Amino acid sequence: MNRYIPVLTSLALAALFSGSVPGADQKAAPESVDYIKWQAAGYAIAKPLGSLTGDPAVGRKLVVDRKKGNCIACHLLPVPEAEFPGTVGPPLVGIAHRLSEGELRLRVVDIKQLFPHSIMPGYYRNPENYINVKKKFRGKTILSPQEVEDIVAWLTTLQ
Amino acid sequence: MPTGKLSLLLVTSLLAGTVSGAGPGNKPRSGYEFLSPETRDMQEDEFSNPGFQTVDEGAELFITAGENGKSCASCHGDRGQKLKPRNIASYPVYSEQLEKPVTLQGQIHRCWTERLGKPAMKYDNKDAIRLETFVRNLAEGRRIDVETGGPMRPYYEAGREFFYKPTGQLDMACAHCHEQYVGARLRAQVLTQGQSNGFPTYRLANNRVNSLHERFRQCQNLLRAQFQKAGSDDYINLEVFMHARSNGLRIETPAIRF
């Protein structure tokens, strides 16, 4: 059960009160065998998931891919060929100035650790924490560990 | 120990959590307000609004007799003129007989089998949506006025809970888009309050009239959530909450929406 270690305990508590953590009435999703555990500390995940190395060129493609990151749906990104960026989230131009690699990783992986009420999906959230997931996606994360690292690698280039 | 930073974060997240319903800043705004002038014109002109084809199809069904020789028109008049717009605008209403709320389409299904003696249709059957569109259009311009007290209360509350509960792999609630980020753009699309006063509505995204429950299914599917069958108890509760949330807005059926 305790595969998932909330370092920011009080924040996790706030999430509990808000109901953004599954209640007892939810059926447990089938356990994902290859889910890589991660730990957040100091508002960041310092180490790459599974010690993988990200490829920024691949990351650049994933952030505009509707079936993958689709970051462009909500964020302004320095990807000029992708038209009509969304305005739901903050612009990510120059984001690497403001956030370290580890801070970016935590935000991509599971932003609800920081902001329990955020609209932003947790792209590598523990699948056990998703509620009422469509069968096709049950027990799965939105992105693979490699895809997370590719995106983080691209984000760190946004100086 | 960064206690200051932590408590600041806590306060921010708790503040962000107070997304509770219709405060003074959340006056209901019809999706119409978010349309371009061209689309508004299209909606308002009966001849260019493609939703009126569905209204006409519903009008045709309305006068078509069932096995027992009766049609909707037998009770309600050839053009439905005996139906009171005020009553139409009050749906969903509580049925003492069924001991639960009945949606406008639900009432059409009841008449269909009980009064016309026709074989039951599935909820959101195309003909049922045609009839619902026709009937709701009879109350166009009327302000929505759904009861939320008395026996309706628990159903309203259940629908409200659904609206605020994150769901699916994307882990979003209706309220995230349609309350917290109204006016922001999701790619090229402006997020509206998701008011229900135009339903059944003609969607430019799929070029046909869509029922409210179809729209619930589409939204849930987008969130990678397990969506339900049209007419489910959860969707009926959500319809109660949604229409009540639109109380005071004028019915625009058939509206045009993205």
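Residues numbered from 1 in each chain as written. Chains lettered and ligands numbered in written order. Predicted model: local features only at pLDDT ≥ 70, side-chain atom pairs only at ≥ 80, totals over all residues. Heavy atoms only, no water.

1. A few points about the overall build of chain B
Point 1. The secondary structure content of chain B amounts to eleven helices and seven strands.
Point 2. Looking at chain B as a whole, 48% of its 258 residues are labelled buried.
Point 3. Taking the intrachain contacts of chain B between residues at least 6 apart in sequence as the baseline, contacts between residues at least 24 apart amount to 66%. (Helix = DSSP H or I, 4+ residues; strand = E, 2+ residues; numbered from the N terminus. Buried < 20%, exposed > 50% of the residue type's maximum accessible area, 1.4 Å probe, protein only. Contact = heavy atoms within 4.5 Å.)

2. Side note on the pattern of salt bridges
Point 1. Counting across every chain of the model gives 13 salt bridges over all chains.
Point 2. Between A:Arg125 and A:Asp110 there is a salt bridge, with its nearest N and O atoms 3.4 Å apart. Of this pair, A:Arg125 sits in the loop between helix H4 (101–110) and helix H5 (145–155) while A:Asp110 sits in helix H4, and the two are 15 residues apart along the sequence.
Point 3. Using a relative accessible area of 0% as the deciding quantity, one classes A:Asp110 as buried.
Point 4. Salt-bridge contacts for B:Asp127 lead to B:Arg130; the nearest nitrogen and oxygen are separated by 2.7 Å. One end of the pair is B:Asp127 and the other is B:Arg130, both in helix H7 (residues 126–137) and three residues apart, which spans about a single turn.
Point 5. Residue classification places B:Asp127 among the partly exposed positions, given a relative accessible area of 25%.
Point 6. Residues joined by salt bridges that share partners form a network here, namely A:Asp110, A:Lys112, A:Arg125 and B:Asp171. (Salt bridge = Lys/Arg side-chain N within 4 Å of Asp/Glu carboxyl O.)

3. Examining the confidence of the model for chain A
Point 1. Of the residues in chain A, 79% reach a pLDDT of 70 or more, and the chain-wide mean stands at 85.
Point 2. This model gives residues 1–29 of chain A a pLDDT under 50, and the stretch forms 50 contacts once residues within four places in sequence are excluded. (pLDDT = per-residue confidence, 0-100.)

4. With respect to the nonpolar core
Residues and elements named next belong to chain A.
Point 1. With 44 residues, the main nonpolar core has Trp 38, Leu 77, Val 148 and Leu 155 as its most contacted residues.
Point 2. Those elements that provide at least two residues to this core are H4 and H5.
Point 3. Of the residues forming this core, the biggest block, five residues, is contributed by H5.
Point 4. Once you skip the residues sitting within four places of it in the chain, Leu 155 turns out to touch Leu 92, Ile 95, Ala 96, Leu 104 and Val 108. (Core = buried A, V, L, I, M, F, W, Y, C linked by side-chain atoms within 4.5 Å.)

5. A word on H5(A)
Residue and element names in this part refer to chain A.
Point 1. Counting buried positions along H5 gives ten out of eleven residues, so the element sits mostly inside the fold.
Point 2. Turning to H5, its buried residues number three or more, namely Pro 145, Glu 147, Val 148, Glu 149, Asp 150, Ile 151, Val 152, Ala 153, Trp 154 and Leu 155.
Point 3. Considering only its buried residues, H5 is in contact with helix H2 (56–62), helix H3 (95–98) and H4.

6. Quick notes on the state of the cysteines
Residues and elements named next belong to chain B.
Point 1. With the rule as written, the count across this model stands at zero disulfides over all chains.
Point 2. Free of any disulfide, Cys 111 has its nearest cysteine sulfur in Cys 72, 6.9 Å distant.
Point 3. By relative accessible area, Cys 111 is classed as partly exposed at 21%.
Point 4. Not engaged in a disulfide, the cysteine Cys 174 finds its nearest cysteine sulfur in Cys 219; these two sulfurs lie 7.0 Å apart. (Disulfide = S-S within 2.5 Å.)

7. Brief notes about the sheet that holds strand E5 (residues 201–203) of chain B
Adjacent strands of a sheet pair through backbone hydrogen bonds, lying either parallel or antiparallel.
Residues and elements named next belong to chain B.
Point 1. Taken together, three strands build an open sheet; the order of strands is E6-E5-E7 and the sheet is mixed. The strands lining the two open edges of the sheet, one partner per strand, are strand E6 (208–210) and strand E7 (256–257).
Point 2. Pairing geometry for E5 and E7, over two bridges, is parallel. Bridge pairing in E7 links Tyr 202 to Ile 256.
Point 3. Across the face of the sheet, helix H10 (residues 212–222) comes into contact with E5 and E6 while running at roughly 90° to E6. (Pairing = 2+ DSSP bridges. Axes fitted to C-alpha atoms, helices over the stretch in contact; angles between N-to-C directions.)

8. Some remarks on unusual backbone geometry
Point 1. Cis geometry marks the peptide bond from B:Tyr91 to B:Pro92; its omega dihedral reads 0°.
Point 2. Position of B:Pro92 among the secondary structure elements: in the loop between helix H5 (85–88) and strand E1 (93–95).
Point 3. Here the bond from B:Thr253 into B:Pro254 is cis, since omega is -5°, no more than 30 degrees from zero.
Point 4. As for its placement among the helices and strands, B:Pro254 is situated in the loop between helix H11 (233–245) and E7.
Point 5. The phi torsion at A:Tyr43 lies on the positive side, around 60°, for a residue other than glycine.

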